[in-house]
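Structural overview
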Amino acid sequence: MAAALCCRPAAAQDASSTIPPSAVIGVQEAMLSPDYWIGRAHAVDDVLMTPAQIAARNRLTSVHDQALVDLESLPTTLTREQIQGWVKSAASPLNAPLVDMHGDPLTAQTLAAIQANVGMQQIPASEPARYGMAVRRAQLRTYPTTVRAFASKESVDFESFEGGTLFPGDPVVIAKASVDGKWLLVVSYQGPAWVATTDIAEGSAQAVFGYAQKSPARVITGDEVRTVFTPEAPEVSELQLDMGTRLPLAKVPPDQPVNGQGPYESWALELPVRGNDGALSFKPALLQKMRDSAPDYLPLSRANIIRQAFKFLGERYGWGHAYNARDCSGFTSDVYRSMGVLMPPNANAQGKSPAFAHRLFTAADSHAARIDAIMHADVGDLIVVPGHVLMLLGQVDGQPYVIQDVPFVIYRNPQGGVHWTKVNEVSVTPLLPLLADGKQSYVDAMTSLVHVTASSTPADK
């Protein structure tokens, strides 16, 4: 049973009767500090799940969650039917009207060329599985193309061919190359997608899957950090490393330069690199010790959940981890990844993952029952509505507050009209006044309440 945020009853759904200059209601400047919420939480430093409990649940997640792929369980020989299925699974529809970022329609010739580059007719009956690793932060695509497509000119923050992101060291199974050779269809733990060939280095299964097991290591605990600049090794120079990424330490002499620089004030990381022939090898790179990292995943506590979430406050919304940032589910998964928790890659999957304790909601659940469930939720629990996920922070005067990576804040103004504020960033907001779509409240649209830190999975209510 999740610990309650607060035992006081919910206040009226209007967090504020006036609209402030920011047009984000119910938020005071003090609320934009993690210390404000840590000070209001109970048992802030209690360890909510031990590393052993987290590891056990991660195994359940990787095996039983259909939104994730257990790469090591894939067959060592891939069939044509399997690869064709992955191509179709990765693809987004091309029959809907699509425009570029200026609002100009993508021509039928452009779309046909994108489709042809897939090379569905060039897949052999079977071939050995190949293995690879991301050598940098790499965007996943639903098609092998750099063409950016949108449903409309007004939706340029939601790119139709965006398929997620790989981080340095992420393993993949390589299924096929595009016709032009510039793209690879890969299967990561997130499923199948296309990635630029230059972002993947190919190696043996042992090298690819063994990388994550190496110790000692550093876990990135900042929102993002970069390796030091080095002209001697441009492939590992100023490499972006995102929260929760775990990287082994390189075995280098402490008195010898690494890429032209002494290592004693930095951590020497062992990073994957791609050779001119596409082969995987590893090279040391320096991460300054003053940068935000830790020798292991952070303890899973309420204080750490809040601290880690607030490191993203004000970061621009990035659909599918675009713009070197992240979206709503990328935000929640990266926060928990820094504490070792594996989560599915999208909001709807996070709301129904069989490895997590959660309560599912249907139209039969009353507004009062939904409010009651929220009032008894814990710091860090997730509220899932169709296509979006929010993280609970705590309560102020009976009003639950959340932190969320969100394009818009929508609510009714004092005159009863619907007010839209484009925030397009990680934001702190009250929960009860907010609308999910201009009509229905987040509370009434809620499909799931995920008790992330609960160590068991009770039956859905």
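Residues numbered from 1 in each chain as written. Predicted model: local features only at pLDDT ≥ 70, side-chain atom pairs only at ≥ 80, totals over all residues. Heavy atoms only, no water.

A word on the overall build of the protein. Helix and strand counts for the protein stand at 10 helices and 22 strands. The globule rule puts the C-alpha radius of gyration for 461 residues at 23 Å, and the 23 Å found for the protein is close to it. Along the longest, intermediate and shortest principal axes, the C-alpha atoms of the protein span 65 × 60 × 45 Å. Residues classed as buried in the protein amount to 53% of the 461 residues present. Partitioning the contacts of the protein with sequence separation of at least 6, the portion at a separation of at least 24 is 70%. As displayed, the protein offers around 19900 Å² of accessible surface, 54% of which is attributable to carbon and sulfur atoms. Charged side chains of the protein number 36 positive and 45 negative; the gap between the two group centres comes to 2 Å. (Helix = DSSP H or I, 4+ residues; strand = E, 2+ residues; numbered from the N terminus. Rg over C-alpha atoms; globule rule 2.2 N^0.38 Å. Buried < 20%, exposed > 50% of the residue type's maximum accessible area, 1.4 Å probe, protein only. Contact = heavy atoms within 4.5 Å. Areas by Shrake-Rupley, 256 points an atom, 1.4 Å probe, with all protein chains shown as cover. Lys, Arg positive; Asp, Glu negative; His and termini not counted. Charge placed at Lys NZ, Arg CZ, Asp CG, Glu CD.)

Two side chains bearing opposite charge may form a pair once their charged atoms approach each other closely. Following the criterion strictly, the structure yields 16 salt bridges and no others. In this structure, E202 and R130 form a salt bridge, with 3.1 Å as the shortest nitrogen-oxygen distance. With a gap of 72 residues between them, E202 in strand 9 (residues 200–203) and R130 in strand 3 (residues 130–134) connect regions that are remote in the sequence. Residue E202 is classed as partly exposed on the basis of its relative accessible area of 31%. K311 is the partner of D292 in a salt bridge, and the nearest nitrogen-oxygen pair spans 2.8 Å. Remark: K311 occurs in the loop between helix 6 (302–310) and helix 7 (328–337) and D292 occurs in the loop between strand 15 (280–288) and strand 16 (293–294); sequence separation between them is 19 residues. What you see here is one network of salt bridges that share partners, running through R137, D242, E315, R326, D334 and R337. (Salt bridge = Lys/Arg side-chain N within 4 Å of Asp/Glu carboxyl O.)

W86, V173, L185 and L271 are the most contacted members of the largest nonpolar core, which has 46 residues in total. Sorting elements by how many residues they give to this core places helix 3 (residues 80–90) first, with 4 residues. Ranked by size, the runner-up nonpolar core spans 41 residues in total, among them A303, A309, F312 and V428. (Core = buried A, V, L, I, M, F, W, Y, C linked by side-chain atoms within 4.5 Å.)

Below, the discussion takes up empty space enclosed by the protein. In total, this model carries 1 cavity of 30 Å³ or more according to the counting rule given. Its boundaries defined by the atoms lining it, the largest cavity holds a volume of some 30 Å³. Forming the walls of the largest cavity are R148, V156, D157, E159, E162, W319, A322 and Y323. (1 Å grid on protein atoms, 1.4 Å probe; cavity = no way out; pocket = protein on both sides within 12 Å on 5 of 7 lines; lining within 4 Å. Points joined across faces, edges and corners; volume = space filled by probe spheres on them.)

Judged by side-chain polarity, F408, V418 and W420 come together as a nonpolar surface patch covering roughly 280 Å² of accessible area. Secondary-structure assignment places V418 in strand 21 (residues 418–430). (Patch = residues over 30% accessible without salt bridge, like charges linked within 9 Å, V, L, I, M, F, W, Y side chains within 5 Å.)

Here the focus is the sheet that holds strand 21. Reading across from one edge, 17-22-18-19-20-21 is the order of the 6 strands in this open sheet, with antiparallel pairing throughout. Lying at the two open borders of the sheet, with one neighbouring strand each, are strand 17 (357–360) and strand 21. Strand-to-strand twist in this sheet, taken as the mean axis angle between neighbours without regard to direction, amounts to 35°. Pairing of strand 19 (residues 388–396) with strand 20 (residues 399–412) involves 5 bridges; the strand directions are antiparallel. (Pairing = 2+ DSSP bridges. Axes fitted to C-alpha atoms, helices over the stretch in contact; angles between N-to-C directions.)

Before going further, it helps to spend a moment on the side chain of Q308. In this fold, Q308 is placed in helix 6. Residue Q308 is classed as buried on the basis of its relative accessible area, which comes to 2%. Side chain to side chain, Q308 and S338 meet in a polar contact 3.2 Å long. In contact with Q308, not counting residues within four places along its chain, are T221, M243, L298, V335, S338 and M339. (Polar contact = N/O pair within 3.5 Å; in protein donor to acceptor, adjacent residues only side chain to side chain.)

This next bit is on the packing of aromatic side chains. All chains considered together, the criterion is met by 9 aromatic pairs. When the centroid spacing of 5.7 Å and the interplanar angle of 55° are considered together, the rings of F158 and Y317 count as tilted. On the criterion of sequence distance, the pair formed by F158 in the loop between strand 4 (138–141) and strand 5 (162–166) and Y317 in the loop between helix 6 and helix 7 is long-range, its members being 159 residues apart. By relative accessible area, F158 is classed as partly exposed at 31%. Owing to a relative accessible area of 4%, Y317 belongs among the buried residues under this scheme. Plain terms: the ring middles of F158 and W319 are 5.6 Å apart, the flat faces sit at 65° to each other, and that makes the pair edge-to-face. (Phe/Tyr/Trp six-rings, centres within 6.5 Å; stacked < 30°, edge-to-face > 60°.)

Turning to helix 6, a few remarks are in order. Along an α-helix, a turn takes 3.6 residues, which lines up residues three or four apart on a common side. Across the 9 residues of helix 6, 8 count as buried, placing the element largely inside the fold. Among the residues of helix 6, R302, A303, N304, I305, I306, Q308, A309 and F310 are the ones counted as buried. On its buried side, helix 6 packs onto helix 1 (34–40), helix 7, strand 19, strand 20 and strand 21.

Overall, the predicted model of the protein reaches an average pLDDT of 92, with 95% of residues at or above 70. Low pLDDT (under 50) marks residues 6–13, which in the prediction has 20 contacts with non-local residues, meaning those over four places away or in another chain. (pLDDT = per-residue confidence, 0-100.)

On to the packing of helix 6 against helix 7, then. Axis separation between helix 6 and helix 7 bottoms out at 9 Å; the angle between their running directions is 130°. The angle between helix 6 and helix 7 falls in the class oblique. In this structure, helix 6 meets helix 7 at a crossing whose hand is right-handed. Along its contact with helix 6, which presents I305, Q308 and A309, the element helix 7 presents F331, V335 and Y336. The class makeup of the residues in the contact of helix 6 with helix 7 is 5 nonpolar, 1 polar and no charged. (Parallel < 35°, antiparallel > 145°, perpendicular 65-115°, else oblique. Left-handed = near helix turned anticlockwise from the far one by under 90°. Nonpolar A, V, L, I, M, F, W, Y, C, P; charged D, E, K, R; others polar.)

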